[in-house]
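# Architecture and fold: a report
The primary structure of each chain is shown beneath.
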Amino acid sequence: MSKASNAVLALSRSFYGKRLSKEQYDALLACRNSNEIASCLKANTEYAKELSDSELSDFPPRTLEDLVQKFRFSRFGALCRYELATGDEFYKYFIVKTEVEQILRCTLLMFSKKTQSYLLQMHPFVDKHLSIDLFALGRANSFEEIAQTLDKTDYGRLYRRCLENPMKSYLTFEIAFNAYFEQEFRKLVKKCGSKSEREAVTEVAARSLDCKKLSAFWRALKYYPQNIAALVSALSAPGGITLLSESTLKKLAECRKVEDFMAVLEKTPYKSASKKDADLEKELAVFLHSFCKKEIRFSSYPPVVMLCYLLLSQDETTNLVRIIEGCKYGVSAQEVKKNLIGIDD
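Residues numbered from 1 in each chain as written. Predicted model: local features only at pLDDT ≥ 70, side-chain atom pairs only at ≥ 80, totals over all residues. Heavy atoms only, no water.

Here we take up empty space enclosed by the protein. Per the stated rule, a full pass over the model turns up two cavities of 30 Å³ or more. Counted as a void, the largest cavity has a volume near 230 Å³. Among the elements of the structure, helix H1 (3-17), helix H5 (61-85) and helix H17 (302-328) are those that each provide at least two residues to the lining of the largest cavity. Counting residues per element, the lining of the largest cavity draws most heavily on H17, which supplies seven residues. The residue makeup of the lining of the largest cavity, split by class, is nine nonpolar, five polar and eight charged. (1 Å grid on protein atoms, 1.4 Å probe; cavity = no way out; pocket = protein on both sides within 12 Å on 5 of 7 lines; lining within 4 Å. Points joined across faces, edges and corners; volume = space filled by probe spheres on them. Helix = DSSP H or I, 4+ residues; strand = E, 2+ residues; numbered from the N terminus. Nonpolar A, V, L, I, M, F, W, Y, C, P; charged D, E, K, R; others polar.)

Structure below.
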């Protein structure tokens with residue numbers, strides 16, 4: 001293994017080793033507002049430098065969430081620089097993922113009429129490699145203005161196709177852009193080194209993408225039945241990275257009730273997530289978290305360890321956002337804690 005490859009593996013594990021502990025989560029859950037959460041993060045965690053460098057004395061919830069995201073980007077920037085040194089292109093996974101996430105985030109806020117909430121500050125490494133203009137996205141006041149911002153990028157035509165859908169909802173964009181992400185992800189996986197390395201990365205990728213698709217389909221069955229047709233197409237698209245057989249994908253695509261969907265899921269590699277009356281999205285997140293936690297410790301392939309860290313760090317970021325939002329809206333610490341992933345690791 002080259003020195004750069006070894007650095008990617010070692011750094012990913014080092015960053016994971018510095019994740020928030022159960023005690024730190026308990027302290028954060030005990031905070032009464034976002035300023036107390038910021039003080040707690042500054043005093044006891046790896047987020048201290050990011051918060052101190054901001055030179056802010058007041059941390060509104062949205063500002064604090066953005067700083068938490070920025071910390072995540074700084075970690076990824078460090079990993080990607082080593083990945084570039086190996087001559088590999090797997091770092092582009094994070095770039096494409098970030099672009100898709102930010103387009104969808106801006107779109108979701110547009111649907112909820114909260115456009116003023118969007119303007120996320122990135123890490124310089126990430127800024128340099130993005131093909132989209134985040135500041136232009138932040139200034140957009142309509143779906144058309146978002147489309148204009150994306151017209152000169154690879155996302156322009158895709159966004160406009162979604163806009164033309166007379167039944168469009170946020171899920172319309174989510175389905176389309178997640179399908180694009182999977183397509184790009186598949187290209188990157190094929191560029192990984194040895195056959196065994198590609199197979200190992202593919203397994204992590206398949207589990208991650210399957211969980212995202214299954215969550216979206218389950219959510220649509222419950223809340224967006226009018227979007228089922230589009231989801232069926234995305235779920236059963238040929239050539240996808242998945243652990244599900246063609247026959248299973250066909251059975252899932254034929255489901256029109258949550259109960260039928262869960263019954264099919266019980267006969268797949270994701271059966272542990274199909275608990276009765278459970279929140280499937282959370283159960284799938286727990287399933288993926290547990291798998292990545294094992295792989296980051298035992299895999300000898302740098303792209304696998306790096307990918308697992310990226311997925312695990314997303315869980316930590318999501319946990320912090322939920323804690324901040326819980327404080328903002330007066331949700332009890334006990335209720336917030338139920339929705340956190342991996343806090344007992």
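Attention shifts here to the packing of aromatic side chains. All told, the structure shown has 17 aromatic pairs when counted by the stated rule. When the ring of Phe73 is compared with that of Phe94, the centres are 5.8 Å apart and the planes differ by 50°; the resulting orientation is tilted. Taken together, the residues span a long stretch of sequence, with Phe73 in helix H5 and Phe94 in helix H6 (residues 92-111) at a distance of 21 residues. Accessibility assignment for this pair places Phe73 and Phe94 in one class, buried. In this structure an aromatic cluster arises from ring pairing among Phe111, Phe143, Tyr155, Tyr159, Phe173, Phe177 and Tyr180. The aromatic ring of Phe291 is capped on one face by Arg207, whose charged end is 4.1 Å from the ring centroid. (Phe/Tyr/Trp six-rings, centres within 6.5 Å; stacked < 30°, edge-to-face > 60°. Buried < 20%, exposed > 50% of the residue type's maximum accessible area, 1.4 Å probe, protein only. Lys NZ or Arg CZ within 6 Å of the ring centre and 35° of its normal.)

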